[in-house]
Amino acid sequence: MRVIGLISGTSVDGIDAVLVDVSGTNLDIKIELVAGATYPYPTYLRERILAVCADKALSMAELAELDDAIACAFAQAAQNIQLGHSPASLIGSHGQTVYHRPPVKGGGEGERGRRGELPHPYSLLPTTYSPLGYSLQLGRGAVIAHLTGMTTISNFRAADIAAGGHGAPLVPRVDAALLSDFNEGRCIQNIGGIGNVAYVPPRHNSNWLEKLRGWDTGPGNSLLDLAVEHLSSGTKTYDENGAWAASGNPCNPLVEKWLSQDYFHLPPPKSTGRELFGASYLQNCLQDAEAYQLSPADILATLAELTAASIVRSYRSFLPQLPQRVLLCGGGSRNLYLKNRIQHLLASVPVMTTDEVGLNADFKEAIAFAVLAYWRHMGTPGNLPTATGALQEVLLGDVSQSVFRW
Ligand SMILES: Nc1ncnc2c1ncn2[C@@H]1O[C@H](COP(=O)(O)OP(=O)(O)OP(=O)(O)O)[C@@H](O)[C@H]1O
Ligand SMILES: CC(=O)N[C@H]1[C@@H]2OC[C@@H](O2)[C@@H](O)[C@@H]1O[C@H](C)C(=O)O
């Protein structure tokens, strides 16, 4: 089946679109990437999205307008990616995350929540506050289905959240299907705006899927990108290949201070977003850096070290053993300095990109949402409770069918 996968991630840099052929059932699937492209948002739209992510207030009418403007951009990306190819019959669209709130521990989280009992932290909250997580992705599927004439699956995170999960990360089940190895335990590390990992145990283990783990490791490129924009007075948006950071030195006492923060010590399942690792987090980092009189390059090297160390230390803290290989994907896998620091901290564990095992590292997330849509279409669950904390596996995504014929 030919499927389109669409996502714009927490970097808000544009829409990743793929056209893939998917076949098979459940975890036993094959995919072939027919086409992939990134379509940058128009500047005005990117700025509006970033403002909303940074808590800018907007009216309901403005929210509806923004939701549909994003959906139109996604529909356009779906049309563009098919040009010159035979058309797809299904779209899986993640949309644009503008807000993410994990469930309250001991309340919504499936692993800990008990029915019929108000857990302690919940009883301290106003009664209007739900212990379930909340995650809002804009770019409604109905509009994409309407504009493209194609059945569109969207709103993938809601069903996992309703089952007590974080609604994230959702990619680990796809990682299990596409990147597992018979003999080797692997960490599949995405470095987008936020970093997230799936630990995929070797498949020779009879209950390997139950042993799979996944969580958000913390900042990926979000702090680095914000810092580059600030330190270059808006002339740059990211540190190409990590060259700027590579010309500085990390300040280790600062890295240790930042790593003492709660999020890094919280056991999985856990998820996060720009709400935590965003502009105000960076402001605090920059304030801390003043005491050490760091140069711009040192600041970037220190933030890169935070990202690398938060990733590697989370493996050491939360996995039964280190993986035998780490496969990087997402834009941060192109940051050579970051990649080298991860390799250094992992010593003899080989670190490479998913490209090197045949899965495109830039488009893996978009591919994942094509696969998740395929699974929804086939009636196969898409979440992994060991990664999201949900009480059970559930079907992910709302189905919008197009009744319009253009
Ligand atoms: N050549 C490169 N050198 C350094 N960094 C790069 C390079 N290419 C991309 N990046 C980084 O990758 C980021 C985009 O990554 P990606 O598209 O994977 O993020 P995302 O999908 O928005 O995030 P998420 O996975 O959190 O949803 C850019 O903002 C930039 O920081
Ligand atoms: C709420 C949300 O959009 N979360 C993203 C984000 O970006 C990376 C990390 O945080 C991950 O948990 C998730 O995305 C991927 C696609 C996932 O669900 O696996």
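As annotated in an unreviewed UniProt entry, the chain is Anhydro-N-acetylmuramic acid kinase from Scytonema hofmannii PCC 7110. Under the UniProt heading Sequence similarities (unreviewed entry), the note attached to the chain is "Belongs to the anhydro-N-acetylmuramic acid kinase family." Looking at the chain in UniProt, the text filed under Function (unreviewed entry) is "Catalyzes the specific phosphorylation of 1,6-anhydro-N-acetylmuramic acid (anhMurNAc) with the simultaneous cleavage of the 1,6-anhydro ring, generating MurNAc-6-P. Is required for the utilization of anhMurNAc either imported from the medium or derived from its own cell wall murein, and thus plays a role in cell wall recycling."

Undergrad: Explanation requested: the packing of helix α7 (residues 222-231) against helix α12 (residues 296-318) in the structure shown.
TA: Two quantities define a packed helix pair, namely the angle between the axes and the distance from one axis to the other. As a packed pair, α7 and α12 sit with axes 10 Å apart at the nearest point and diverge in direction by 170 degrees. By the angle class used here, α7 and α12 are roughly antiparallel. Touching Leu223, Leu224, Ala227, Val228 and Leu231 of α7 are Pro296, Ile299, Leu300, Leu303, Ala304 and Leu306, all from α12. Here the residues of the contact of α7 with α12 are counted per class, giving eleven nonpolar, no polar and no charged.

Undergrad: Help me out: how do you make sense of the UniProt feature "binding site: ATP" (unreviewed entry) in the chain in this one?
TA: Here, UniProt's "binding site: ATP" (unreviewed entry) annotation points to Gly9, Thr10, Ser11, Val12, Asp13, Gly14, Ile15 and Asp16. For valine 12, a relative accessible area of 1% translates into the label buried. Looking at the secondary structure, you find aspartate 16 in strand β2 (residues 15-25). Apart from the residues lying within four places of it in its own chain, the contact partners of aspartate 16 are Gly5, Leu6, Ile7, Ala37, Thr38, Asp362, Phe363 and Ala366.

Undergrad: So what exactly am I meant to see when it comes to the site of ligand 1 here?
TA: Residues in close proximity to ligand 1 total 20 residues, the closest being Thr10, Ser11, Asp225, Asn241 and Gly331. In the environment of ligand 1, an oxygen atom lies 2.9 Å from a nitrogen or oxygen atom belonging to the backbone of serine 11. In this structure, an oxygen atom belonging to ligand 1 sits 3.4 Å away from a side-chain N or O atom of asparagine 221. Protein chains bury 86% of the 640 Å² of accessible surface belonging to ligand 1 in isolation. Across the shell around ligand 1, the residue classes break down as two nonpolar, twelve polar and six charged. If you count residues domain by domain, the shell around ligand 1 takes at least three from each of domain 1 (2-105 + 129-167 + 363-400) and domain 2 (181-357).

Undergrad: Can you walk me through the domain arrangement of the chain in this structure?
TA: How big an interface is tends to be reported as the loss of accessible area on association of its parts. Assigned domains within the chain: domain 1 (2-105 + 129-167 + 363-400) and domain 2 (181-357). Between the C-alpha centres of domain 1 and domain 2 the distance comes to 24 Å. Residue-level contacts link 17 residues of domain 1 with 22 residues of domain 2. Here domain 1 packs against domain 2, burying approximately 1,600 Å² in sum over the two surfaces, 57% of which is carbon and sulfur.

Undergrad: Whenever I open this one, the environment of aspartate 67 confuses me. Can you help?
TA: For aspartate 67, the location among the structural elements is in helix α2 (residues 60-82). Sequence-distant contacts of aspartate 67, that is, excluding residues within four places in its chain, are made with Leu138, Gly139 and Arg140.

Undergrad: Would you mind showing me how to read the site of ligand 2 here?
TA: In the vicinity of ligand 2 there are 15 residues, among which Thr97, Arg157, Leu170, Val171 and Asp216 approach most closely. Side-chain polar atom of arginine 157 to an oxygen atom of ligand 2: 2.8 Å apart, as the coordinates give it. Here an oxygen atom of ligand 2 and a side-chain polar atom of aspartate 216 are 2.7 Å apart. Here ligand 2 loses 97% of its free accessible area of 440 Å² to cover by the protein chains. Of all the secondary-structure elements, those providing two or more residues to the shell around ligand 2 are β4 (90-101), β8 (194-200) and α14 (364-378). Here the shell around ligand 2 is built from residues that sort into six nonpolar, six polar and three charged.

Undergrad: I tried to follow the sheet that holds strand β9 (residues 213-219) on my own but got confused; where do I start?
TA: Within a sheet, neighbouring strands are paired by backbone hydrogen bonds and run either parallel or antiparallel to one another. An order of β9-β8-β7-β10-β11 is seen for the five strands of this open sheet, with the pairing classed as mixed. Strand pairing shows two members of the sheet lacking a second neighbour, β9 and β11 (351-353), which therefore form its edges. Strand-to-strand twist across the sheet, computed as the mean angle between neighbouring axes with direction ignored, equals 25 degrees. The sheet contacts of helix α6 (residues 172-179) involve β7 (186-191), β8, β9 and β10 (325-329), and relative to β8 the element is tilted by about 50 degrees.

The rules behind the values
- Residues numbered from 1 in each chain as written.
- Chains lettered and ligands numbered in written order.
- Predicted model: local features only at pLDDT ≥ 70, side-chain atom pairs only at ≥ 80, totals over all residues.
- Heavy atoms only, no water.
- UniProt positions renumbered as here; feature names shortened; annotations may be inferred.
- Axes fitted to C-alpha atoms, helices over the stretch in contact; angles between N-to-C directions.
- Helix = DSSP H or I, 4+ residues; strand = E, 2+ residues; numbered from the N terminus.
- Parallel < 35°, antiparallel > 145°, perpendicular 65-115°, else oblique.
- Contact = heavy atoms within 4.5 Å.
- Nonpolar A, V, L, I, M, F, W, Y, C, P; charged D, E, K, R; others polar.
- Buried < 20%, exposed > 50% of the residue type's maximum accessible area, 1.4 Å probe, protein only.
- Near = heavy atom within 4 Å.
- Polar contact = N/O pair within 3.5 Å; in protein donor to acceptor, adjacent residues only side chain to side chain.
- Areas by Shrake-Rupley, 256 points an atom, 1.4 Å probe, with all protein chains shown as cover.
- Domains from an automatic or database assignment.
- Buried area = accessible area lost by both parts, 1.4 Å probe.
- Pairing = 2+ DSSP bridges.

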